[in-house]
Amino acid sequence: MQSTYLSRSLFGCTGISLISVAVLVGTMVLPAKGAAQQTGKSQQSASPPESSGMAEHAGKPTSLRELIQEAEQKNPQIAASFHAWQASRNVPKQASALPETQLSVQQFSVGSPRPFAGYSNSDFAYIGFGASQDIPYPGKRQLRASVAEHEAASMKAQTDSVRRTVVGNLRMVYFRLAYIQQTLGVLQRSDELLNQVQEASEARYRVGQGNQQDVLKAQLQHTKILQEIAHHHQEEGLLEAQIKQVLGRPQESADIVAESLALRALPYTAAELLQKAREQNPDVHSKQASIRQQETQVELAHKNFRPDFNVQYNYEHTGSQTRDYYMATFGIRLPNRGRQKAELAEAQENQERARQELDAESQRVLSEVQQQFVRAKTSEDRLKIYSDGLVPQSEATFQSALSAYQSNKQDFESLLSGFVDVLNLDLEYRNELVEHESALAELERLTGVDLP
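Residues numbered from 1 in each chain as written. Predicted model: local features only at pLDDT ≥ 70, side-chain atom pairs only at ≥ 80, totals over all residues. Heavy atoms only, no water.

Caption draft 1: The arrangement of the overall build of the protein chain in detail. In terms of regular secondary structure, the protein chain is built from 13 helices and 4 strands. Long-range contacts, defined as pairs at least 24 residues apart, comprise 82% of the intrachain contacts of the protein chain with a sequence gap of at least 6. Carbon and sulfur atoms make up 52% of the accessible area of the protein chain, which totals about 23800 Å². (Helix = DSSP H or I, 4+ residues; strand = E, 2+ residues; numbered from the N terminus. Contact = heavy atoms within 4.5 Å. Areas by Shrake-Rupley, 256 points an atom, 1.4 Å probe, with all protein chains shown as cover.)

Caption draft 2: Structural context of empty space enclosed by the protein. In the structure shown here, the tally under the stated rule is 2 cavities of 30 Å³ or more. In this structure, the second largest cavity encloses a volume near 30 Å³. As for the second largest cavity, its lining consists of Ser161, Arg164, Thr165, Asn281, Pro282, Asp283 and Arg445. Listed by contribution, the elements that provide at least two residues to the lining of the second largest cavity are α8 (140-206) and α11 (282-303). With 3 residues, α8 is the single largest residue contributor to the lining of the second largest cavity. (1 Å grid on protein atoms, 1.4 Å probe; cavity = no way out; pocket = protein on both sides within 12 Å on 5 of 7 lines; lining within 4 Å. Points joined across faces, edges and corners; volume = space filled by probe spheres on them.)

Caption draft 3: Layout of the side chain of Ser379. You can see Ser379 is positioned in helix α12 (residues 337-406). If we skip the residues at most four places from it in the chain, Ser379 touches Glu432, Glu435 and His436.

Caption draft 4: Layout of helix α13 (residues 412-447). In this model α13 runs 53 Å from its N-terminal to its C-terminal C-alpha over 36 residues, within 8% of the 52 Å that 1.5 Å per residue would give. Here α13 lies mainly inside the structure; 30 of its 36 residues are buried. Backbone geometry just downstream of α13 places Gly448 in the positive-phi region, at approximately 80 degrees. (Expected span 1.5 Å × (residues − 1). Buried < 20%, exposed > 50% of the residue type's maximum accessible area, 1.4 Å probe, protein only.)

Caption draft 5: Expanded view of the pattern of salt bridges. Throughout the structure, instances matching the rule amount to 23 salt bridges. Here Glu70 makes a salt bridge to Arg249, at a shortest N to O gap of 2.8 Å. In this pair, Glu70 sits in helix α5 (residues 64-74) while Arg249 sits in the loop between α9 (212-247) and α10 (270-280), placing the two residues 179 residues apart along the sequence. Using a relative accessible area of 24% as the deciding quantity, one classes Arg249 as partly exposed. Notably, a salt bridge pairs Glu235 with Arg176, separated by 2.7 Å at the nearest N-O pair. (Salt bridge = Lys/Arg side-chain N within 4 Å of Asp/Glu carboxyl O.)

Caption draft 6: A look at the layout of surface pockets. Here the largest pocket defines a volume of roughly 660 Å³. Around the largest pocket, the lining is made up of 26 residues, and of these Leu64, Ile68, Arg171, Arg264 and Glu444 lie nearest the centre. For the lining of the largest pocket, the elements supplying multiple residues, two or more each, are α5, α8 and α13. The greatest single-element share of the lining of the largest pocket, amounting to 7 residues, is contributed by α8. Its residues assigned to classes, the lining of the largest pocket shows 10 nonpolar, 5 polar and 11 charged. (Nonpolar A, V, L, I, M, F, W, Y, C, P; charged D, E, K, R; others polar.)

Caption draft 7: Fine view of the packing of α10 against α13. Taken N-terminus to C-terminus, the directions of α10 and α13 make an angle of 45 degrees; their axes are 8 Å apart at the nearest point. Between α10 and α13, the crossing angle belongs to the class labelled oblique. Packed against α10, whose contacting residues are Leu273, Lys276, Ala277 and Gln280, the element α13 presents Leu443, Leu446 and Thr447 at the interface. Partitioned by chemical class, the residues of the contact of α10 with α13 number 4 nonpolar, 2 polar and 1 charged. (Axes fitted to C-alpha atoms, helices over the stretch in contact; angles between N-to-C directions. Parallel < 35°, antiparallel > 145°, perpendicular 65-115°, else oblique.)

Caption draft 8: Main features of the packing of α10 against α11. Close contact between α10 and α11 brings their axes to 6 Å; oriented N to C, the two are set at 45 degrees. It follows that α10 is oblique to α11 by the angle criterion. Every residue of α11 that contacts α10 at Arg278, Glu279 and Gln280 is listed here: Pro282, Val284 and His285. Here the contact of α10 with α11 is composed, by residue class, of 2 nonpolar, 2 polar and 2 charged.

Caption draft 9: Main features of the environment of His150. Here His150 shows up in helix α8. With 143 residues separating them in the primary sequence, His150 and Gln293 have C-alpha atoms 5.1 Å apart. Aside from chain neighbours lying at most four places away, what touches His150 is Ala289, Arg292, Gln293 and Thr296.

Encoded structure:
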């Protein structure tokens, strides 16, 4: 059905002049013997008045680059991931620090549980002060710090991944908003021009050169376009709400006007994009840091078979008639080998898991890059078919139908069908343009390249 086809169509920039074609409908199909007032109306169709919907977009468009900069500064997801990374940078210093020093105070009584009993008349009563320090086996602290450093490096890559994801989503919504706003203007202008077609069919019907069915078909098409305009207004509001959420703006802030979409070239080959994904994709970098972290964890598990040490020193002060005591202690803490074997086995399994995750992530990223490259290149070919073939062909077909309708050699349905074809192909071209730009945005996210 024409209405279903129209509702699923999207549009893009094209070299055809839809307005001029539709104007011809309003100016040429009027019979020469029509009233002067009717002729005056057809002449006004050459410059249709701007609709209220178009007036809403009369503000200055905001470029995508400006919105990306604002999102990088104000988006809460990006800010949260940044602070998580900053927090992880403080972990290595904690991991490499010595265990806490313990200080102690002792009071030893003789002859009674009362404090200081026997302190003045016994050689055994004393007040003691001591310090104790655990010392890990040499190399353990450095390995623990390395584990934390690799985890911080993984967090940094995840922060970059979050930023790219947010920016990528912003690009997608922005492209869709640009499409909706531009399509809305085209639909509104097309509806105004379709009114001229309807008036022409009514004029022919009044003088006996047309039939009522032609008038009803024109009215039906007018209603379909009104339905599409209402749907576009709704989607425009939803998309603006999403963009404001990404930017951290209040929902009651001013509306966002997108710039017109323009076709961007893809200056890289598939092989170049795949190589850049291997080198610059943050998800791959995060998995690589995780492997280094697990490798260091295995080294630490081996090192944990070594004993730790403990040193203590105590000073015991007795009464004035006896001499003070001094005591130094050196201890060795032997590891539980059964527990350490389990810890080593766990670390080795996690190391293998990290390797498999890296391989899976690399394959996923490279597959996505290849898919988006094919999508972008295919879209370029389709855009060329639209601009060089389908769009001008539909215009020529419509003009032919218009001439035939003027000379009463073709019915109104064929003329209306040609009008709808011109509009639908315009919408399809712009939809294909959105698909092309979305594919490029995904490639930018996956590879880290900035396309002009």
